[in-house]
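Chain residues, written in single-letter form:
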Amino acid sequence: MIHIECTWCDAELVLASLDAPSVHCPDCRVTVEFSPEPEAIALAA
Ligand SMILES: [Zn+2]
């Protein structure tokens, strides 16, 4: 489990895994999607 802060309300959010594509904030009722890092993808390829 990875804990991060919501971009908008600073609430603590929990990620199931590091490669989760998005996380939902129940306080803001938004789903935050993470932009894939081109360098990380290049390294994984
Ligand atoms: Zn939030």
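Structural notes on the pairing of strand E3 (residues 22-25)
- Pairing analysis gives four bridges linking E3 to strand E4 (residues 30-33), with the strands arranged antiparallel. Counted as the bridge partner of Ser22 is Glu33 from E4.
- In this structure, the hairpin formed by E3 and E4 is closed by a connection of four residues, where Arg29 is found at a positive phi of approximately 60°.

Things to note about the environment of Asp27
- Summarising the element assignment, Asp27 is placed in the loop between E3 and E4.
- Placed 18 residues apart in sequence, Asp27 and Cys9 show a C-alpha to C-alpha distance of 7.6 Å.
- Those residues in contact with Asp27 that sit more than four places away from it in its chain are Cys6, Cys9 and Ala11.

As for the environment of His3
- Structurally, His3 is set in strand E1 (residues 2-5).
- Residue contacts for His3: discarding those within four places in its chain leaves Glu12 and Val14.

Focus on the environment of Ser17
- Of note, Ser17 is situated in the loop between strand E2 (12-15) and E3.
- Under the C-beta neighbour-count criterion, Ser17 is labelled exposed, with 7 such atoms within 10 Å.
- Expressed as a C-alpha distance, the spacing of Ser17 and Ile2, which sit 15 residues apart in the sequence, is 6.5 Å.

Section: unusual backbone geometry
- One non-glycine residue, Asp10, lies in positive phi territory at about 65°.
- On the secondary structure map, Asp10 appears in the loop between E1 and E2.

Rules used in this analysis
- Residues numbered from 1 in each chain as written.
- Predicted model: local features only at pLDDT ≥ 70, side-chain atom pairs only at ≥ 80, totals over all residues.
- Pairing = 2+ DSSP bridges.
- Helix = DSSP H or I, 4+ residues; strand = E, 2+ residues; numbered from the N terminus.
- Contact = placed C-beta atoms within 7 Å.
- Buried ≥ 20, exposed ≤ 12 C-beta atoms within 10 Å, placed from the backbone.

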